[in-house]
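Architecture and fold: a report
Single-letter residue listing:
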Amino acid sequence: MAELEEQFAALTGAPHAVAVSSATAGLHIVLAALGVGEGDEVVTPSMTFASTVNQIVLRGARPVFADSDYGTLQVLPAEVERRITRRTRAVIPVHFAGAPADLDPIRAAADRAGIPVIEDAAHAVGTSYRGKPAGGHGNTAIYSFHPIKNITTGEGGMVTCHDGEFAKKLRLLRFHGIERDAWKRYGKGGTPHYDIREPGYKYNLTDLQAAIGVVQMGKVKRMNERRAALAARYREGLQGIAGLDLPESPPWPHEHSWHLFIVKVTSMDRDAFIGRLAEYNIGVGLHFPPCHLLSYVRERFGTKEGDLPGCERAGRRILSLPLFPGMADGDVDYVCAAFREI
């Protein structure tokens, strides 16, 4: 596990990397380490996976949603700043689909409020913003190694940060609060004694998973290059289809890791379109239903349709196309042909 953490720190430029059992687990211990709790608020886009919102709520805090740009699906910095109050304890921008959020103005707004930025980098292994990798800009960042992500350990994740004491706290929280790991307790010359100063969780990545991750790290560049080539082929093959909006590229300097290729269906009912694609044996995804419209969020926090126009407009139309490094060029061409026929 230590080898994987060292590799990941080198990839991102962050001095500390803490391997965890999932990105969800990583966000849980980050919020716990920051002391986020009852009466606090955390600002985040609604256009994200529900795990982000769940962890805020499970800490007893209130999620405050910022709108996203329809074209790029990235959270709007001005919307983030507008929602920061004296109760805000953190801001969580999302690097959506493999492109980076506009970190500089978000970080500036957070700095003015004296609160941390937590990069949701679950989609962003290999993503860069203004010449630096996601996670390399002085913020805490959280990555996912879920099976569909750009690299995988079967299931798992990583937290990177720039504060040694904070990393030490995360390491305690990820494994029961125990101060000495198994190698120090049971390895040659070790003793089985340990102490716990505060309770923690069972969120460690296993060494078996880490071994998979070490091999995957040697393939990141090649797999992301293949994703980029497939995305370019999609863009060429889908260009000019009426009733289909292709993904827009953020205007700031960046490197896209193409975790997802998301289009928006505008000329017919999106669910009817999904049904037609099934006739061609093409499976697609929805990333994601806007979180502020999820039932429990609406009932608990009073959010409603009309709150976030850009996010809602996109949410009704988005469709994630098949995209993985093992895909053949002909598979992309088949999907594009099916889109044109429908």
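This text gives an overview of the structure that appears in the document. Just so it is clear, the model here is predicted, and its values are computed rather than measured.

Let us look at the layout of surface pockets. There is about 430 Å³ of room inside the second largest pocket. Put simply, the parts of the chain that give the lining of the second largest pocket at least two residues each are helix 2 (23–34), helix 3 (50–58), strand 5 (118–120) and strand 8 (140–144). Per-class residue counts for the lining of the second largest pocket are 10 nonpolar, 10 polar and three charged.

Attention shifts here to the packing of helix 9 (residues 220–238) against helix 13 (residues 329–341). At a minimum axis distance of 9 Å, the contact between helix 9 and helix 13 shows a crossing angle of 30 degrees. Judged by the inter-axis angle, helix 9 sits roughly parallel to helix 13. Along this stretch, helix 9 crosses helix 13, giving a crossing that reads as right-handed. In this structure, helix 9 uses Arg226, Leu230, Arg233, Tyr234, Gly237 and Leu238 to contact helix 13, whose residues at the interface are Asp329, Val332, Asp333, Val335, Cys336, Phe339 and Arg340. For the contact of helix 9 with helix 13, a count of residues per class yields seven nonpolar, one polar and five charged.

Backbone torsion omega between His287 and Phe288 reads 10 degrees, so that peptide bond is classified as cis. Counting through the fold element by element, Phe288 comes out in the loop between helix 10 (270–279) and helix 11 (295–301). One non-glycine residue, Ala97, lies in the positive phi region at around 70 degrees. Inspection of the secondary structure puts Ala97 in the loop between strand 4 (88–91) and helix 5 (103–113). Of the residues examined, Ala97 reaches a relative accessible area of 8% and is grouped as buried.

Here we come to empty space enclosed by the protein. All told, the structure shown has one cavity of 30 Å³ or more when counted by the stated rule. Looking at the largest cavity, its volume works out to about 130 Å³. Thr72, Ala97, Pro247, Glu248 and His256 are, among the 16 residues lining the largest cavity, the residues nearest its centre. For the lining of the largest cavity, the per-class residue count stands at nine nonpolar, five polar and two charged.

Once that is clear, we can look at the pairing of strand 9 (residues 157–161). With five of five residues buried, strand 9 lies mostly within the body of the structure. Burial along strand 9 is two-sided: Gly157, Val159 and Cys161 facing one way and Met158 and Thr160 facing the other are all buried. Taken together, the five bridges between strand 1 (residues 16–20) and strand 9 define a ladder with antiparallel strand orientation. Among the inter-strand pairings, Val18 is bridged to a residue of strand 9, identified as Val159. Alignment of strand 8 against strand 9, held across four bridges, turns out to be antiparallel. When the sheet's bridge partners are listed, Ala141 is paired in strand 9 with Thr160.

About the criteria used
Residues numbered from 1 in each chain as written. Predicted model: local features only at pLDDT ≥ 70, side-chain atom pairs only at ≥ 80, totals over all residues. Heavy atoms only, no water. 1 Å grid on protein atoms, 1.4 Å probe; cavity = no way out; pocket = protein on both sides within 12 Å on 5 of 7 lines; lining within 4 Å. Points joined across faces, edges and corners; volume = space filled by probe spheres on them. Helix = DSSP H or I, 4+ residues; strand = E, 2+ residues; numbered from the N terminus. Nonpolar A, V, L, I, M, F, W, Y, C, P; charged D, E, K, R; others polar. Axes fitted to C-alpha atoms, helices over the stretch in contact; angles between N-to-C directions. Parallel < 35°, antiparallel > 145°, perpendicular 65-115°, else oblique. Left-handed = near helix turned anticlockwise from the far one by under 90°. Contact = heavy atoms within 4.5 Å. Buried < 20%, exposed > 50% of the residue type's maximum accessible area, 1.4 Å probe, protein only. Pairing = 2+ DSSP bridges.

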